[in-house]
Structures are given as structure tokens and as C-alpha cells.
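# Commentary on secondary and tertiary structure
These are the residues of each chain, in order.
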Number of protein chains: 4
Amino acid sequence: MSDPVAGDQLRAFVERIERLEEEKKVISDDIKDVYAEAKGNGFDVKILRKVVSLRKKQPHEREEEEAILDLYLQALGMGPGVGM
Amino acid sequence: MSDPVAGDQLRAFVERIERLEEEKKVISDDIKDVYAEAKGNGFDVKILRKVVSLRKKQPHEREEEEAILDLYLQALGMGPGVGM
Amino acid sequence: MSDPVAGDQLRAFVERIERLEEEKKVISDDIKDVYAEAKGNGFDVKILRKVVSLRKKQPHEREEEEAILDLYLQALGMGPGVGM
Amino acid sequence: MSDPVAGDQLRAFVERIERLEEEKKVISDDIKDVYAEAKGNGFDVKILRKVVSLRKKQPHEREEEEAILDLYLQALGMGPGVGM
């Protein structure tokens, strides 16, 4: 067997992956740009990331987690309302 | 030059790294075990990780971040006190 | 000042980020799908990832790294031609 | 119920985790130091990491992966022996 690997097929897969990775890179750069723009407008990027992350959770899920966290922090004498 | 790489020296470096990586692996497993034990005692592992992470910050730093977060969440109509 | 955060501006930033993250997620899923399809056609996914990674390097860069690696492996008695 | 969380128990878990994380940090720093020392002795850190990673695999496993990689690279016209 002179060529046990289907070169054309392999190349097609590799090139599809590379194209998609390029697109993904462009979008990742776009996201960085939006955060940079927000920072330029006075927003705190770290907190903004937190907000984006929090919005992925259901309100009741967030509230429940916050309640347990407050409980733990109080049990440790770390006070309430320090939930981030 | 038949041997441009100092084999003994290289081997010594590699073995030191491997020993340290083994030690690190043991400790990582120990950490997992403590979390598992805490879970077995009714604690919420995700929140426990959050507590450990929060304790690395200074209180004033935590409070400031929490205040900004609450501000952002209120501006988005997501309500206060949902800081995790 | 009753509202120190520009809510509309904040919301606009958050929504732009969320849209971009969704697009990024779709592309990430597409990439996984291509790998799965390649696997279904008999390709080894792990090696395929390696190929994609190698193609990002310049040939001379790859060759130089491979040469140093072979040197190190031989100095450790691990033999040549085991470069992955 | 005035205190639904066993504060002492929680504190004990948190402190055990913190001690272990500190130990882990020390070892991580030690590993970095060894790599830095190796670099100071003329070794290529990136390749050294590769060597350490390769040594975790069985020889036959490495050889098999290398063989498949060479096959794929040849099918793509990227030549043999460029396996890193």
C-alpha cells in the first residue's frame, strides 16, 4: 500500500479546522476589543466579566449560591455582603 | 563533538522536575480529598472554593469589588445582593 | 448623583460581549464537529490536533525543535525518532 | 436555628485547604526554579518540557503516535521527521 492515508480527505479536514480556528480567533479578538472599549469608557473590566458570567445563571440559582456563601462567610466571621 | 549535550546534567534536571511534579500531584490529590471530605460533611464544594478564593483578597478589596458589582447589577436591573 | 453608572451603555457592552461569546461558542462546537467527523472517517483526533498545531510553525522552526529534542532524547538514552 | 453551619468544622476544612495550597505553590515555584536553572545551563526550556511530557508515555505508545504523525505529515506533503 503506497498511501495508507487519504491525503485529500485529511487535507480537507485540516483546512476546515484551520478556517474555523481563524474565525474563532477573530471573534476572541473582538471580545477583547469590546472589553477594552468598555474600559476606555470607565468600566471595570474584571467586574464586567463577573457580570457577564453571572448573567449566565438563573436568578434563583444565583440567589441560592449567594445565600450559602453568606452563611459560610458569617460562620468564618468574615461578614455578609462580601459575595464576590 | 560526539555528544553536544551533557547527558548527566540533563538527566539530573529531568529527574528533579519529575520528583517535584510527583510531589505536586500528591498535594493536588490531597486537596481534592479535603474537598470530598467536606462534601461528605454536607458542605457545598463550589461555595467552599469560592470562600477559599475570597480569603485571598483583602477585606477592603472584596468590599470595593462587591460595591462596583452591585452598582453594575442594579444598572442592569438585576438587583443587589447577588454577588456571587 | 442618583445613577453613577450609565446603564444603557453598560447594557450595550454586556450584550455585545454576549453576542460575540455565543458566536464563539458556535464556532467552537463546529470545530468539535469537524474533529468528530474526521474520527468517524478513521483519523486519530489526537494526532490530527498535533498536525494542526505543527502547521502553525515555520518548517525551519519545527526542524530545529525536532533536532534539539532528538539530541536530548538521545542524551537520555530514549532513542531518536520519538518526537511527538 | 441560630447557626446552621458548623463554623469550627468549616474553618478546619478551609485552613487545611489553604495549607495544602501553600505547599503546592512552593512546589510549583520549585519546578519553575529548576527550569530556570536548566535554562541558565544552556538547556532549551520548551524542549525540556517536551522531554518531561514524553517520558510519561510508554515507549511503544510514543512510537505509535510518532508513526501516525509521520504518516499524516507525509500525506500533507509536510515531510517526515518533523514530529514536534
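Here is what the cut-offs are and how they apply
- Residues numbered from 1 in each chain as written.
- Chains lettered and ligands numbered in written order.
- Predicted model: local features only at pLDDT ≥ 70, side-chain atom pairs only at ≥ 80, totals over all residues.
- Heavy atoms only, no water.
- Phe/Tyr/Trp six-rings, centres within 6.5 Å; stacked < 30°, edge-to-face > 60°.
- Helix = DSSP H or I, 4+ residues; strand = E, 2+ residues; numbered from the N terminus.
- Buried < 20%, exposed > 50% of the residue type's maximum accessible area, 1.4 Å probe, protein only.
- Core = buried A, V, L, I, M, F, W, Y, C linked by side-chain atoms within 4.5 Å.
- Contact = heavy atoms within 4.5 Å.
- Domains from an automatic or database assignment.
- Buried area = accessible area lost by both parts, 1.4 Å probe.
- Salt bridge = Lys/Arg side-chain N within 4 Å of Asp/Glu carboxyl O.
- Polar contact = N/O pair within 3.5 Å; in protein donor to acceptor, adjacent residues only side chain to side chain.
- Nonpolar A, V, L, I, M, F, W, Y, C, P; charged D, E, K, R; others polar.
- Least-squares fit on C-alpha atoms with pLDDT ≥ 70 in both.
- UniProt positions renumbered as here; feature names shortened; annotations may be inferred.

### Re the packing of aromatic side chains
- Inspection of every chain in the model, using the stated rule, returns eight aromatic pairs over all chains.
- With a centroid separation of 5.8 Å and an interplanar angle of 75°, the aromatic rings of B:F43 and D:F13 are classed as edge-to-face. Within this pair, whereas B:F43 is found in the loop between α1 (7–40) and α2 (45–54), its partner D:F13 is found in helix α1 (residues 7–40), the two belonging to separate chains.
- Judged by its relative accessible area of 7%, B:F43 falls in the buried class.
- Consider the rings of C:Y72 and D:F43, whose centres lie 5.7 Å apart with planes at 75°: the pair is edge-to-face. Residue C:Y72 is located in helix α3 (residues 59–75), and its partner D:F43 is located in the loop between α1 and α2 (45–54); the two belong to separate chains.
- Judged by its relative accessible area of 4%, C:Y72 falls in the buried class.

### Quick look at the nonpolar core
- Grouped together as the largest cluster of nonpolar side chains are 47 residues, with contacts concentrated most on A:Y72, B:L10 and D:L10.
- Of all the secondary-structure elements, those providing two or more residues to this core are α3 (59–75) of chain A, α1 and α2 of chain B, α3 of chain C together with α1 and α2 of chain D.
- D:L10 has contacts with A:Y72, A:A75, A:L76, B:F43, B:L48 and D:V5, leaving out every residue within four places of it along the chain.
- One finds A:I31, A:I47, C:V5 and D:L76 within the second-largest nonpolar core, a separate group that totals 45 residues.

### With respect to the domain arrangement of chain A
Residue and element names in this part refer to chain A.
- Taken domain by domain, chain A holds domain 1 (1–43) and domain 2 (44–77).
- Computed over C-alpha atoms, the centres of domain 1 and domain 2 are 32 Å apart.
- Contacts between the two partners involve five residues from domain 1 and, on the opposite side, five residues from domain 2.
- The contact between domain 1 and domain 2 buries some 470 Å² in all, and 69% of this surface belongs to carbon and sulfur atoms.
- The interface formed by domain 1 and domain 2 contains zero salt bridges.
- For the pair domain 1 and domain 2, the interface holds one residue pair in polar contact (both at pLDDT 80 or more).
- Classifying every residue of the side of domain 1 that touches domain 2 gives three nonpolar, one polar and one charged.

### Some words on the relation of the copies chain B and chain C
- Overlay of chain B on chain C (RMSD 0.0 Å): rotation 180°, translation along the axis 0.0 Å. Taken together, these values place the two copies in the relation of a two-fold axis.
- An overlap of 100% is found between the interface residues of chain B and their copies at the interface of chain C, pointing to a shared contact surface.

### Let's talk about the UniProt feature "domain: GapR-like DNA-binding" (unreviewed entry) in chain A
- Taking the UniProt record as the reference, the feature "domain: GapR-like DNA-binding" (unreviewed entry) is found at residues 6–77 of chain A.
- In residues 6–77 of chain A, helix accounts for 85% and strand for 0%; the two terminal C-alpha atoms are 65 Å from one another.

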